[in-house]
Amino acid sequence: MVTQQDVLTEYDVQELSDSDNVELTDDQLDSGSKGQLIKLAGQLRDRRNDLNQMASERASKRDDLNAKTREKVDEAQEHREKRDELNEQVQEHKNKRNELNAEANELFDKVEQMKEDLELDDGKDIEELKEEIEQLEFRQQTEVLSTEDERELIEKIENKREELRQKKDKVEDSGELEELIEEAEEVRSEASQHHQKVTELADKAQEHHNQMIEAYREADDIRDKADAMHELFVEAQEAADRHHEDFVRVQKRLRELDKQEEEERDAERAEKREAAKEEAEEIYQKFKEGETLDTEDLMKLQKTGLL
C-alpha cells in the first residue's frame, strides 16, 4: 500500500508543515488594529501563494503519474491484443493439426488393414527376422555344437530366411502399401509441423500474457502513487483556499475600517464646517452692527460665502 510519505520521499515533494500556516481568530479580526490586520493580510497572502505553488507542483506530479498510468495501461492492452491474436493462430493450427492427425489415423488404419490382408503381420516383421538370422548365424560361427544341434540350427536359419524371403516378396508385390505408408507418414509429419507451431505460438502468447499482467501491475502501482499525490494536492489546495478565505475576510475588515475612518473624517469635517459657519455668522452680525473687522475675520467670512 502506497502512503503519502512514500511519494513525498520518492518524488522529492516538499512536505506541508502546519507550523508555517497562518491562523486567523475572530478576536484578531474583530479587535485587531488596522496595522495588525494589514500585517496579517500580508502573511495570509504570502502563505496562500506558497501553498498554491505547492499545490501546483503536486498537481503536476500527479498528472505525470496519471499519464504514466495510461501509458502502462496502453502497453498492457497492446500485449492483450497480441496475446489474443496469437491465441487465435494457436487455435487455427490446433484445428489443422487435429484434422491432419485424424486423416493420418485413417490412413494408418488402412495400412494395418492392408498388412492383414497381405498377412504381413503374421509372425515376425522383416527387421526382427533379419536380427534373429544374424544372431543364429553368429551362434553357428562361434559356438561348438554337436552334429545334431548344428543341423537343427542350420534348419532354423533356413526357415527364418525363407520366412524373410516370403515377407520381402509380399512387400515388393504391394507397392500400393508403400505409397499408403508414405502418404500416412507425410500427413503425420504435416500434423507435427502444425503441433510445433501450436507450441511456439502458445509460448509467445504466454509471454505476452505475462507482460500484460506485469504492465497492469505496474499501472496499479503508479495509479496508487498518483492517488496519494492527488491527496497531497488536495491537502495543499484546501490549505491555500483557507488562507485565501481568511485573507479575503481581513481585506473586507480593512475596507470596513477604512469606511469607518472615512465616515469619522467626514463627520469631523462637517462638524468643523458647521462650527466655522456659526462663527462666521457671528462675525457677520458684528459687521452689520458696525464693528470693524480684522483681516482674519474677513477671511472667515469669505470661506463661508458670507462676504
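Predicted, not measured: the structure shown is a model, and the values here were computed from it. (Residues numbered from 1 in each chain as written. Predicted model: local features only at pLDDT ≥ 70, side-chain atom pairs only at ≥ 80, totals over all residues. Heavy atoms only, no water.)

Draft legend 1. Examining the overall build of the protein more closely. The secondary structure content of the protein amounts to seven helices and zero strands. When the helices and strands of the protein are listed from N to C terminus, the series reads α-α-α-α-α-α-α. When burial is assessed residue by residue, the protein has 27% of its 307 residues classed as buried. The contacts in the protein between residues at least 6 apart in sequence include a share of 84% that link residues at least 24 apart. When the accessible surface of the protein is split by element, carbon and sulfur atoms take 43% of a total near 20,900 Å². (Helix = DSSP H or I, 4+ residues; strand = E, 2+ residues; numbered from the N terminus. Buried < 20%, exposed > 50% of the residue type's maximum accessible area, 1.4 Å probe, protein only. Contact = heavy atoms within 4.5 Å. Areas by Shrake-Rupley, 256 points an atom, 1.4 Å probe, with all protein chains shown as cover.)

Draft legend 2. View of the packing of aromatic side chains. Inspection of every chain in the model, using the stated rule, returns zero aromatic pairs. In this structure, Arg 48 is placed above the aromatic ring of Phe 247, and the distance from its NZ or CZ to the ring centre is 5.0 Å. A cation over an aromatic ring shows up here: Arg 62 above the ring of Phe 233, its NZ or CZ 4.8 Å from the ring centre. (Phe/Tyr/Trp six-rings, centres within 6.5 Å; stacked < 30°, edge-to-face > 60°. Lys NZ or Arg CZ within 6 Å of the ring centre and 35° of its normal.)

Draft legend 3. Broad picture of the pattern of salt bridges. Scanning all chains against the criterion turns up 29 salt bridges. With a shortest N-O distance of 3.3 Å, Arg 253 and Glu 256 are connected by a salt bridge. Within this pair, Arg 253 and its partner Glu 256 are both found in helix H6 (residues 175-288), separated by three residues, close to a single helical turn. When the shortest N-O distance is used, the salt bridge between Arg 265 and Glu 262 registers 2.7 Å. Taken as a pair, Arg 265 and Glu 262 lie in helix H6 at a separation of three residues, close to a single helical turn. The structure contains a network of salt bridges with shared partners spanning Lys 34, Asp 258, Glu 261, Glu 262, Arg 265, Asp 266 and Arg 269. (Salt bridge = Lys/Arg side-chain N within 4 Å of Asp/Glu carboxyl O.)

Draft legend 4. Highlighting the environment of Asp 18. Turning to its location among the elements, Asp 18 is positioned in the loop between helix H1 (4-10) and helix H2 (26-31). Taking relative accessible area as the criterion, Asp 18 reaches 59% and is therefore assigned exposed. Along the primary structure Asp 18 and Ala 239 are separated by 221 residues, whereas in three dimensions their C-alpha atoms are 9.3 Å apart.

Draft legend 5. View of the environment of Gln 91. Among the structural elements, Gln 91 can be located in helix H3 (residues 34-117). Residue class for Gln 91 comes out partly exposed when judged on its relative accessible area of 41%. Each C-alpha atom of the pair Gln 91 and Val 198 lies 7.8 Å from the other, and the pair is 107 residues apart in sequence.

Draft legend 6. Spotlight on unusual backbone geometry. Located in the positive-phi region is Asp 12, a residue other than glycine, with phi close to 50 degrees. Tracing the chain through its elements places Asp 12 in the loop between H1 and H2. On the basis of relative accessible area, Asp 12 is assigned to the exposed category, the value being 69%.

Draft legend 7. Molecular detail of the side chain of His 208. Topologically, His 208 is positioned in helix H6. Excluding residues that lie within four positions of it along the chain, His 208 makes contacts with His 79, Lys 82, Arg 83 and Leu 86.

Draft legend 8. Expanded view of the confidence of the model for the protein. Of the residues in the protein, 90% reach a pLDDT of 70 or more, and the chain-wide mean stands at 88. Mean pLDDT values over the elements of the protein span from 70, in helix H7 (residues 295-304), up to 95, in H3. (pLDDT = per-residue confidence, 0-100.)

Draft legend 9. Examining helix H4 (residues 126-142) more closely. Taking 1.5 Å per residue as the helical rise, H4 with its 17 residues ought to reach 24 Å, and the 24 Å between its terminal C-alpha atoms agrees with that figure. All buried positions along H4 are accounted for by Leu 129, Glu 132, Ile 133 and Leu 136. The buried residues of H4 occupy an angular sector of 100 degrees when the element is viewed end-on, so they sit on one face. The outward face of H4, more than 90 degrees from its buried face, is lined by the exposed residues Glu 127, Glu 134, Phe 138 and Gln 141. (Expected span 1.5 Å × (residues − 1). Arc of directions from axis to C-beta.)

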